[in-house]
Amino acid sequence: MRMTVVRAFALSVALLSAVPVAAQAVTDSGAEQRIEADVVFLADDALEGRGTGQRGYDLAALYVQSRMQAIGLRPGAAGGEWLQRFTVARLGIAAEGATLTWTPAGGEPVVWRSGQEALFGVGREAGRFVQPGQLVFVGIGIDAPEQGMSDYAGLDVAGKIVVFLSGAPVGTAPAIAERLEAAKARTAEAHGAIATVTVNTTASASRYSDTLLRRFAGRTETVWVSPDGTPRRQAPSVRATAFLSDAAAEALFAGTSRSYADIRREATAAGGRPAGFALAGAAVFEVHTRREDLQTANVVGVIEGSDPALKTEYVVMTAHLDHLGMSGTGPDRINNGALDNAGGVASMLEAARILALAPPRRSVLVVALSAEEMGLIGSDYLARYPVAQGVIANVNLDMPILTYDFTDVVAFGAEHSTMGPLVAAAARAEGVSLSPDPMPEQNVFTRSDHYSFVQAGIPSVMLATGYANGGEAAWGQFFANGYHKTNDDLSTPFNWGAAARFARVNAAIARAIGDAERAPLWYEGNVYGDRFAPTAERAPAP
């Protein structure tokens, strides 16, 4: 019989108090039980899946706060608080809908509607906004001279609406393609555009069909709200966005110097990048937005560094506390998130306990993050509104598969900076080998909270259990049957000894960074360092 929430809480407190601190410094006794008690509490049905802004998340945050306090951490948020509170805005197209009206030169207006011929981005405030403008086709919409791509060259888009093909040129490496596509709105803004319109390539047409446009018309975009009340926008000056159906795109290019079919055909070739041109006519966006605000918080504790000269530098250890909450209509509607990410939080708390017993030279921020499942929102807020200056590195724990006796780990991102050798040495010291990324096609490095710190220019890694000794099968089993499903719950056959080892490895990594003579540096020529920390000091590439 599994423990109840009350019993789990009582057990965790008892375990913390049963062993004197001096004794804990020389023994790992109780690590497995502490981690189990934390997972049992955080993944219990009573927390209803720890949905951001929901009662269950707030209870989880209170629990983690109490655990940090019992471990000996001190509050790390502003004003001596444990919680870094912030607002999350959920934005969607209101019942009044959204339209894009296109009037070609000498022609009649054509209206494309939300969920029919187009999918619209939302405004950042509730209500109606209107954005007119002339249209300019900018090819694939990429301006990356280092990749030999300058689609805006010779085009005047200031104060205009840019139209571009989805994706990146055929043959572009996946990691680079994803980065370039993610930057398209910011690129448009940098060139003075006020709105964007995306149209399909032949490759993307199979994924972004008219059916998908209808299905996602009612979707919600979720962003953090700045302290001044402004919802985050990737490119604030780009006020409107739309993705057009193929039929609408054909009409948009009808009568221009090049047909939509010709443009798509050129883009199908390896490296194909159709040249841009102005479209004669005018367009008007009209978008009605609904907005709902949620209140949430990151839980922040701090371990003060032992070196007076270095303790103003911080290693940040993170794990997301939220999960998916309640969903569906079946008998089990609770997304408990036992592995994702109660196991990560529990491992982080144990790693923090180890570090607190003998603090490294640098200070350590220990943060349970909110709203990761909504799009890395809590980590992005923390990175942009830091609770401490002098952050030098991030070690992130997200969804470790703790169901087998792992013998290797994967440190996503370690190869990009001088953190790599530190991670490898720390893992070896714990009897664990470091393996390369076994699933590069998943582009894991950009998909969890550490990437928010990368975007702030901070070298970061995320540790995961590896594929050796049954790991590949365990990962496959979880992705097939547990990932973001209601059965990622306390029926999961955790290996608590493996969980304790995972915590020790993460503590060793944080300690190695905290005790190093120099803060981590991006390697020369590294794509992430070049993009997000272009003026920072570099280390020679290995």
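Details of the structure are given in the entry above.
Below, the structure is looked at part by part.

Definitions and limits used
- Residues numbered from 1 in each chain as written.
- Predicted model: local features only at pLDDT ≥ 70, side-chain atom pairs only at ≥ 80, totals over all residues.
- Heavy atoms only, no water.
- Axes fitted to C-alpha atoms, helices over the stretch in contact; angles between N-to-C directions.
- Helix = DSSP H or I, 4+ residues; strand = E, 2+ residues; numbered from the N terminus.
- Parallel < 35°, antiparallel > 145°, perpendicular 65-115°, else oblique.
- Left-handed = near helix turned anticlockwise from the far one by under 90°.
- Contact = heavy atoms within 4.5 Å.
- Nonpolar A, V, L, I, M, F, W, Y, C, P; charged D, E, K, R; others polar.
- Expected span 1.5 Å × (residues − 1).
- Buried < 20%, exposed > 50% of the residue type's maximum accessible area, 1.4 Å probe, protein only.
- Core = buried A, V, L, I, M, F, W, Y, C linked by side-chain atoms within 4.5 Å.
- Pairing = 2+ DSSP bridges.

### Concerning the packing of helix H11 (residues 338-357) against helix H16 (residues 496-515)
Closest axis-to-axis distance for the H11/H16 pair is 8 Å, and the angle between their directions is 55 degrees. With respect to H16, the axis of H11 lies oblique. Viewed along their axes, H11 and H16 form a crossing whose handedness is right-handed. Contacts between H11 and H16 pair Ser347, Glu350, Ala351, Ile354 and Leu355 from the former with Ala499, Phe502, Ala503, Arg504, Asn506, Ala507, Ala510 and Arg511 from the latter. Residue classes in the contact of H11 with H16 are distributed as 8 nonpolar, 2 polar and 3 charged.

### Looking at helix H3 (residues 31-42)
Taking 1.5 Å per residue, 12 residues should reach 16 Å; H3 reaches 17 Å between its end C-alpha atoms and fits that length. Along H3, the positions that sit buried rather than exposed are Ala31, Arg34, Ile35, Ala37, Asp38, Val39, Val40, Phe41 and Leu42.

### Side note on the nonpolar core
Counting residues in each nonpolar core, the largest one holds 76 residues, and the members touching the most others are Leu42, Val64 and Leu321. Of all the elements, H16 adds the most residues to this core, at 12 residues. In contact with Leu321, other than residues within four places in its own chain, are Leu42, Arg50, Tyr57, Ala60, Ala61, Val64, Val299, Val345, Ala368 and Leu369. Core analysis: the second largest hydrophobic core is formed by 42 residues, Leu91, Ala98, Ile194 and Val225 among them.

### Some thoughts on the pairing of strand S16 (residues 363-369)
Summarising burial for S16: 7 of the 7 residues are buried, a large majority. Here S16 shows two buried faces, one formed by Ser363, Leu365, Val367 and Leu369 and the other by Val364, Val366 and Ala368. Inspection of the sheet shows strand S12 (residues 277-303) paired to S16 by 5 bridges, in the antiparallel sense. When the bridges of S16 are listed, Gly301 appears paired with Val366. Bridging between strand S13 (residues 314-320) and S16 involves 7 bridges; their strand directions are parallel. Residue Tyr314 lies in a different strand from S16, and its bridge partner there is Ser363.

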